[in-house]
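Remarks on the overall topology
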Amino acid sequence: MKDKKFQFNVSDLKLSVSQVERIIGYKEGEDSGLVTGLIGEVIEEASQICSVKAEYAIFQDVRFEDRGKMIFIGNIDFDIKGIVYQQLKKSESVALFLCTAGPEISRRISNSMNEGDLLKGYVYDIVGSEIVEAAADLMQSNLEGEALNEGNKITNRYSPGYCGWDVVGQHKMFRLLNGEYCGVRLTESALMNPVKSASGIIGIGKNVKFNPYTCEMCNMKGCTYKKFRSG
Amino acid sequence: MNEILERLALCIEFGKINKTSPYPPNMKGQDGADELAKLALNEGVKPDEILENALIPAMEIVGGKYSRKEIYVPQMLMSAKAMNSALAHIKPFFQSGETKRKGKFIIGTVAGDLHDIGKNLVAMMIEGGGWEVIDLGVDAGTDKFLKAINEHPGAVIGLSALLTTTMENMKNTVSAIREKHADLKILVGGAPVTTDYCKKIGADFYSPDPQGAVNYLKQLVS
Ligand code: B12
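Residues numbered from 1 in each chain as written. Chains lettered and ligands numbered in written order. Predicted model: local features only at pLDDT ≥ 70, side-chain atom pairs only at ≥ 80, totals over all residues. Heavy atoms only, no water.

Brief notes about the overall build of chain B
When you go through chain B residue by residue, the secondary structure sums to 9 helices and 5 strands. Its helices and strands in sequence order give chain B the pattern α-α-α-α-β-α-β-α-β-α-β-α-β-α, from N to C terminus. Since a compact globule built from 222 residues should have a radius of gyration of about 17 Å, the 18 Å found for chain B is in line with a globular shape. Its C-alpha atoms put chain B at 50 × 35 × 25 Å along the principal axes. The buried share of chain B, taken over its 222 residues, is 54%. Of the contacts made within chain B by residues no fewer than 6 positions apart, 68% connect residues no fewer than 24 positions apart. Entry remark: accessible area of chain B is about 9,700 Å², with carbon and sulfur atoms responsible for 52%. For chain B, the distance from the average position of its 25 positive side-chain charges to the average position of its 27 negative side-chain charges is 1 Å. (Helix = DSSP H or I, 4+ residues; strand = E, 2+ residues; numbered from the N terminus. Rg over C-alpha atoms; globule rule 2.2 N^0.38 Å. Buried < 20%, exposed > 50% of the residue type's maximum accessible area, 1.4 Å probe, protein only. Contact = heavy atoms within 4.5 Å. Areas by Shrake-Rupley, 256 points an atom, 1.4 Å probe, with all protein chains shown as cover. Lys, Arg positive; Asp, Glu negative; His and termini not counted. Charge placed at Lys NZ, Arg CZ, Asp CG, Glu CD.)

Here's what the structure looks like:
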């Protein structure tokens, strides 16, 4: 399998107004008149300004160490901890990925907020997060297709900072995937700039399984995303 | 209570900014917070009373509804906007010293962190609680906090962080503030922060949501 780079239009991502409403908290059928039109407008504006990018790189040279729950990619060790280890350990190769909604949307968020349009800034913020997630979904299903062609399966995607894997793990990831294509820079504090970006790993092999991400894997209390992602 | 203030409080509770604003639909065409605050002043209501009897209690109701998940962030933001339009008429009295706020609150997202939505929501609700908010923005290092503290002695401090890594910087900033200003109150928050962590780094209070912070501040000055 080959490394791949993607550029998406926001319209490719098929964002839905009702999904954004769910994230804000509105339940099915609840009056969301205040935001419905605005969400549509923001998605439309985002499609004019955002350059959404994603990339993955395939690494064949992987080794697992059961005792420390570590994965070695080449000679770099990743301390991914038990949960992610469990999901990845049957992989024959792995993909490291990066995706970003780009810097424009972050600028739009702060501009709206600074101009006193708090609501628009907030909606932009959520739409930005959804763009990243949807871009990662598209990239992932593309990878799945490539893997299937070779008779392989893939795992779900896992990110440093989730499921016990320290967010600092991103520094090692960025050594293997420099972020140049996506235009993402990793700061000393392991924060990706632009903010609306995500990084992670996907396992590939004949014997891996795709397990849906369940909120039970995560120990985050009071998360706004919990109620509908798990339900 | 004065009838104008009652109406003003309702405008803030339900996010009616001014006469032309279409939201909420059932208040269409009516005066909003902007007009009513002006009217109250013209009728001789003291700015203090407007603040104490309309703006602050209305925002408190809004914060409570949000904490109980009866409303969501968008409605809270509309209320904040309505409050700001009323506050604009009172600001000159703050400047002249005729009306006083509860105190000063310095807030920032810590060094190495660029997340600001959560911090902005907290800042907004605290302003609604009658405090002057000094917002240091994102990636605010220890020096920036110390400088602001020197400019605004006695202010309460709020720190926000969204990653476990930048939580470390939160700890450093708290220690540095403590070294020089042992008596200042420091609030912390953000997704990975917990009450335990707050205690561990020597901060005074953690709240998962803005209203918790507003209540804590209220109790500080009561
Ligand atoms: C949406 C989201 C994303 C989006 C957008 C990110 C963004 N914020 O813009 C995307 C998909 C891009 C993303 C990416 C990542 N994310 Co993320 N993300 C979230 C999620 C689900 C919601 C964050 C959010 O916007 N909340 C809404 C705002 C309004 O809430 P808030 O900022 O927390 O603020 C509220 C309170 O905390 C409080 N508060 C905030 N500040 C203060 C201050 C004071 C004084 C007080 C009193 C209160 C207070 O009041 C606010 C209003 O209620 C959280 C989990 C969660 N439920 O919080 C994870 C979370 C923040 N992400 C996390 C991680 C790890 C990442 C990634 C590193 C993953 C990766 N490797 O790709 C990246 C990092 C991105 C980067 N730039 O570096 C972790 C961070 C913790 C950690 N392990 O370090 C979290 C906590 C998830 C988890 N379960 O572990 N993420």
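Description of the pairing of strand E3 (residues 156-160) of chain B
All names here are of chain B. The buried fraction of E3 is high, at 5 of 5 residues. In E3, alternate side chains face the same way, and those of Val156, Gly158 and Ser160 on one face and Ile157 and Leu159 on the other are all buried. Where strand E1 (residues 104-109) lies against E3, 5 bridges are found, and the strand directions are parallel. Across the sheet, residue Gly108 finds its bridge partner in E3, namely Leu159. Across 4 bridges, the pairing between E3 and strand E4 (residues 186-189) is parallel. Looking at E4, one finds that Leu159 is bridged to Val188. Once you follow E3 into helix H7 (residues 164-180) and on to E4, the crossover reads as right-handed. (Pairing = 2+ DSSP bridges. Right-handed = clockwise from strand over helix to strand, strands pointing away.)

So, the domain arrangement of chain B
Accessible area lost on assembly of the parts is the figure often given for the size of an interface. Residue and element names in this part refer to chain B. By the assigned domains, chain B splits into domain 1 (3-95) and domain 2 (104-221). The C-alpha centroid of domain 2 is placed 26 Å from the C-alpha centroid of domain 1. Each side of the interface is counted separately: domain 1 has 17 residues, and domain 2 has 11 residues. With both sides pooled, the region where domain 1 packs onto domain 2 buries about 1,100 Å², and carbon together with sulfur makes up 70% of that total. On inspection of domain 1 and its partner domain 2, the count reaches 2 salt bridges. One can count 2 residue pairs in polar contact (both at pLDDT 80 or more) joining domain 1 with domain 2. For the side of domain 1 that touches domain 2, the secondary structure elements donating two or more residues are helix H3 (47-67) and helix H4 (73-96). When residues of the side of domain 1 that touches domain 2 are assigned to their parent elements, the largest contribution, 9 residues, is made by H3. Of the residues in the side of domain 1 that touches domain 2, the class split is 11 nonpolar, 4 polar and 2 charged. (Domains from an automatic or database assignment. Buried area = accessible area lost by both parts, 1.4 Å probe. Salt bridge = Lys/Arg side-chain N within 4 Å of Asp/Glu carboxyl O. Polar contact = N/O pair within 3.5 Å; in protein donor to acceptor, adjacent residues only side chain to side chain. Nonpolar A, V, L, I, M, F, W, Y, C, P; charged D, E, K, R; others polar.)

Thoughts on the nonpolar core
Generally speaking, soluble globular proteins have nonpolar side chains that are buried together. Ranked by size, the top nonpolar core spans 98 residues in total, and within it Ile24, Val127 and Ile131 of chain A together with Leu8, Ile12 and Leu55 of chain B carry the most contacts. Sorting elements by how many residues they give to this core places helix H5 (residues 118-149) of chain A first, with 15 residues. Looking at this core, you find at least three residues from each of domain 1 (3-95) and domain 2 (104-221) of chain B. Contacts of Ile131 of chain A, omitting those with residues within four sequence positions, involve Val10, Leu13, Leu15, Ala46, Cys50, Val52, Ala101 and Ile105 of chain A. Counting 26 residues, the second-largest nonpolar core is a separate cluster that includes Val110, Ala140, Phe145 and Val174 of chain B. (Core = buried A, V, L, I, M, F, W, Y, C linked by side-chain atoms within 4.5 Å.)

Side note on the confidence of the model for chain B
Of all residues in chain B, 100% attain a pLDDT of 70 or more, and the chain-wide mean is 95. Interface confidence in the predicted complex, given as ipTM, is 0.91; pTM for the same model is 0.94. (pLDDT = per-residue confidence, 0-100.)

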